[in-house]
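Commentary on secondary and tertiary structure
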Amino acid sequence: MIRQPIITVLGHVDHGKTSLLDAIRSSRVAAREAGSITQHIGATEIPIDSIKKISGELIKKFGFSLKIPGLLVIDTPGHEAFTNLRQRGGSIADLAILVIDVMQGLQPQTIEAINILKINKVPFIIAMNKIDSLPFYESKEGSFIENINNQEKSVKEKLDEKLYIIVGKIFEHGFQSERFDRCEFGKQIPIVPCSAKTKEGLPEILTLLSGLSQKYLEKKLEIDDKEENGKAVVLEAKEEKGLGKTIDVILYKGKIKVNDDFIVLGKNGIIKTKIRALLQPKPLQEMMDTKEKFSTVKEVYASTGVKISAPKLEEVLVGSTLIITEKKEDEKELETEAKKSFFSTDKKGLIIKADAIGSLEAITELFKKEEIPIKKAEIGNINRKDIMEAATIACEDPYLGVIIGFNVNVDKDAEKEAMEREIMIFNQKIIYKIIEEYTEWANKSKKIEKDKNLSCLVLPVKFQILKGKIFRNNKPAIIGVKIEEGRLKDGWKVINEKGEIIGKITGMQSEGEKLKEAKKGDEIAISIDDGNVGKNLFEGEKLYSCIPTKQYCELNKYLDEFNEAERKLLEEIKIKRNN
């Protein structure tokens, strides 16, 4: 038996994810003769007959032989919904549609979506949306292949220009891509030019989703509904009038039926309970005739979305795997999942709090990818205990002693404690913005600290006394010099070639203007308090900054800040001072 593939939609904000989903859902109008499109909990089922009706000859053209019963399209678009479609080792999503605005190309959330798909090893197609916004492009409902032939040559060229900009950017992220009708399936990501507004390209999108699922994912889609115990993922937990707390799940394996025992993760560990009722939305017409939104069913098979009513669901965690329990090993699987999702270590690192398991895993994976250590990852609001832990870490490393929050609240006492202890809290509703904000803050803070530390150190400098530029012989000696390497600062001591201390710089000027520092190539006048021309200062002589011995260890920490010549000069000065 082959189940229908689970499809999800990702992309940058305002690139048309919801519009494209609406266009797919509303394709019932075009397919009304071939069978209705069924609304499930959290998903829309598009039967294969409807797809064949919409796609027409395209399925034959691409040589796809379809055996799948249809497509199950997840209703909620975006990263957050996708991260909750999780299972051990990846995602329950079989295929994804990455929506990209033809005019805007790849944006930050597009790149984040690509990374999330890459981490979860989910294949995807690209919907190059909003082609109706291309100047002079006449978009209309139906097949893109048919419509493109009616466009002016210059418009076709403009479309290709936009498409190949996207192809280039996608390549930068490790994927080859091409327009679907020129694409080598299996090696290149197919790009479908489309318009959610006019529904152009929709037949091609449905054809590719169906055909590629059938061709490359057939083994993954095979299920044994008689032997396999049901597995689902919790998409949402909410109160329903007359039912109490319910959970919306996507069943991706086996079957579930009324009175089945199941386990699911809760805030305080594994919850064991029994299915009281399975509910599906009533067809639109029936919902208009009655106040009841749901109808009950006795059992459901993968893949489908269903609402479960059961006791003890108050603390269920969104994103948790739900397993129909038949043996003790099932509990061990969920325990392993819990240990992987929530952890606390003795290492110093970030403290991460999130609203759901999927988003928590996604954030921890992305921080790990950036090689940023994590001390603790948990579900729940940011509390005072989190701030105290972060404060302890901050004593050792101020850049790791911070709180990362995703879609969570900050307790009032935690907020007060964070202000008093100056602990940073990064709390966002968009994953990429959290990482972006944190790295930007950390880099900026590190630079401020580095610049502050470097300002207290004597840096390697070499300069030469210019001939004919002796302005005063002593008390203090005033001489003209040229900076050959490094940056010279007022107040530093200087040494000669032999490493002997000549004196301290007590002033710097250029054309009558006082200076605090001078850079390579500058010609300036300096005064040296103990300098004496003819005794310890000579025309044409090279002088160096006098670096205190105890500062070499500190300077070695910042070697990356120096160029090759400055690094060599640092060693040269060290040798002179040790002689």
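In this report, the structure presented in the accompanying data block is examined.

Criteria and thresholds
- For every chain, the first residue of the written sequence is number 1, and numbering continues from 1 onward in sequence order.
- Local features in this predicted model are restricted to residues of pLDDT 70 or higher, and side-chain atom pairs are both shown and tallied only at a pLDDT of 80 or more, whereas totals for entire chains, interfaces and linings draw on every residue.
- Just so you know, side-chain values use all the structure's heavy atoms and leave hydrogens and water out.
- The rule for pairing is simple: two strands pair if DSSP sees at least two bridges between them.
- Runs of H or I in DSSP of at least four residues are treated as helices and runs of E of at least two as strands, each being numbered from the N terminus.
- We call a set of buried residues a nonpolar core when its members are Ala, Val, Leu, Ile, Met, Phe, Trp, Tyr or Cys and they connect through side-chain atoms within 4.5 Å of each other.
- Only protein chains enter the area calculation, which uses a 1.4 Å probe; residues under 20% of their type maximum are buried, those over 50% are exposed, and those in between are partly exposed.
- It only takes one pair of heavy atoms within 4.5 Å for two residues to be counted as in contact.
- Geometry is summarised by axes, namely lines fitted to C-alpha atoms with helices restricted to the contacting stretch, and by angles between N-to-C directions that run from 0 to 180 degrees.
- Angle categories are assigned with fixed cut-offs, so that under 35 degrees is roughly parallel, over 145 is roughly antiparallel, 65 to 115 is roughly perpendicular, and the rest are oblique.
- Just so you know the grouping, Ala, Val, Leu, Ile, Met, Phe, Trp, Tyr, Cys and Pro go in nonpolar, Asp, Glu, Lys and Arg go in charged, and all remaining residues, Gly too, go in polar.

Turning our attention to the sheet that holds strand 22 (residues 350-354). Ordered in space as 21-23-22-24-25, the 5 strands form an open sheet in which the pairing is mixed. Only two strands of the sheet have a single partner each, and these edge strands are strand 21 (343-344) and strand 25 (425-428). Bridge count between strand 21 and strand 23 (residues 374-379): 2 bridges; the pairing is antiparallel. Along strand 23, the bridge assignment pairs Phe343 with Ala377.

Within the largest apolar cluster, 75 residues are counted, with the highest numbers of intra-cluster contacts made by Ile97, Ile205 and Ile250. Sorting elements by how many residues they give to this core places helix 8 (residues 202-221) first, with 8 residues. The contact partners of Ile205, leaving out residues within four places of it in the chain, are Leu20, Ile97, Ile125, Ala127, Val192 and Cys194. Judged by nonpolar contacts, the second largest core, of 35 residues, contains Ile351, Ala354, Ala377 and Ile403.

Our focus in this paragraph is the packing of helix 12 (residues 384-396) against helix 13 (residues 412-421). At a minimum axis distance of 8 Å, the contact between helix 12 and helix 13 shows a crossing angle of 20°. Judged by the angle between their axes, helix 12 and helix 13 are roughly parallel. Along the contact surface, helix 12 presents Arg384, Ile387, Met388 and Ala391, while helix 13 presents Asp413, Ala414, Glu417, Ala418 and Arg421. Classifying every residue of the contact of helix 12 with helix 13 gives 5 nonpolar, no polar and 4 charged.

Such coordinate-based values are descriptive only and should not be taken to indicate function.
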